[in-house]
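Each chain, letter by letter, is given below.
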Amino acid sequence: MSKRFTSARHEYIDDLITRAEGDFCLVCYFERGIRRRDIHRKDGTIRKRIILEHADNDPSNNALGVDGNVHHVCRSCNKKLESLKIRDKVKKIRGYSVLLEREREREFTYLERRTERRSKL
Ligand SMILES: [Zn+2]
């Protein structure tokens, strides 16, 4: 696998996670309520504050979603996660992923109900 391909694939997965889960750290968001987004510089470049976290430490396992393996975390949470045993790390990340999914469902239901009410008017 060429480096360029890897990088393009990385970008692609990064983008999918941003659309599915958001561009913030999964751990900080639930532990400290921080949506730590990327820093958009004035020159148009982006300083990435969040990186791809592979729960099982296998960079080729890019399974997405609630039961997936790859999520967004910030560099400092990535460091903290590194000190955990893989089993604990997978469990922790999955727990937050489930919480995020529930939150998304609530948001969706809310929007859906609001749309229904509006269409009845
Ligand atoms: Zn974090």
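A few points on the structure. (Residues numbered from 1 in each chain as written. Predicted model: local features only at pLDDT ≥ 70, side-chain atom pairs only at ≥ 80, totals over all residues.)

### Thoughts on unusual backbone geometry
Excluding glycine, residues mostly carry a negative phi; peptide bonds, for their part, are mostly trans.
And then number 1: Phi is positive for Asn57, which is not a glycine, with a value near 65°.
And then number 2: Mapped onto the secondary structure, Asn57 falls in the loop between strand 3 (50–54) and strand 4 (70–74). (Helix = DSSP H or I, 4+ residues; strand = E, 2+ residues; numbered from the N terminus.)

### Observations regarding the environment of Leu64
And then number 1: For Leu64, the location among the structural elements is in the loop between strand 3 and strand 4.
And then number 2: Using a count of 14 C-beta atoms within 10 Å as the deciding quantity, one classes Leu64 as partly exposed.
And then number 3: When the C-alpha positions of Leu64 and Ile17 are compared, they lie 7.5 Å apart, and in sequence the two are 47 residues distant.
And then number 4: Here Leu64 is in contact with Leu16, Ile17, Ala20 and Val70, once residues within four sequence places are set aside. (Buried ≥ 20, exposed ≤ 12 C-beta atoms within 10 Å, placed from the backbone. Contact = placed C-beta atoms within 7 Å.)

### Some details on the pairing of strand 4
And then number 1: Taking burial as the measure, the 5 residues of strand 4 include 5 buried ones, the bulk of the element.
And then number 2: Going residue by residue along strand 4, you find Val70, His72 and Cys74 tucked away on one face and His71 and Val73 tucked away on the opposite face as well.
And then number 3: As defined by bridge partners, strand 3 adjoins strand 4 across 5 bridges and the pair is classed as antiparallel. What sits directly across from His54, in strand 4, is Val70. (Pairing = 2+ DSSP bridges.)

### Describing the nonpolar core
And then number 1: Counting residues in each nonpolar core, the largest one holds 11 residues, listed as Phe24, Cys25, Leu26, Val27, Tyr29, Ile50, Ala55, Val73, Cys74, Cys77 and Ile93.
And then number 2: For this core, the secondary-structure elements that each account for two or more residues are helix 2 (26–32) and strand 4.
And then number 3: Counting residues per element, this core draws most heavily on helix 2, at 3 residues.
And then number 4: With near-sequence residues (within four places) excluded, Leu26 lies in contact with Glu21, His71, His72, Val73, Ile93, Tyr96, Ser97 and Leu100. (Core = buried A, V, L, I, M, F, W, Y, C linked by C-beta atoms within 7 Å.)

### Let's talk about helix 4 (residues 86–120)
And then number 1: Helix length check: helix 4, at 35 residues, gives a terminal C-alpha distance of 51 Å against a target of 51 Å (1.5 Å per residue), a fit within 8%.
And then number 2: A small share of helix 4 lies buried, amounting to 1 of its 35 residues. (Expected span 1.5 Å × (residues − 1).)

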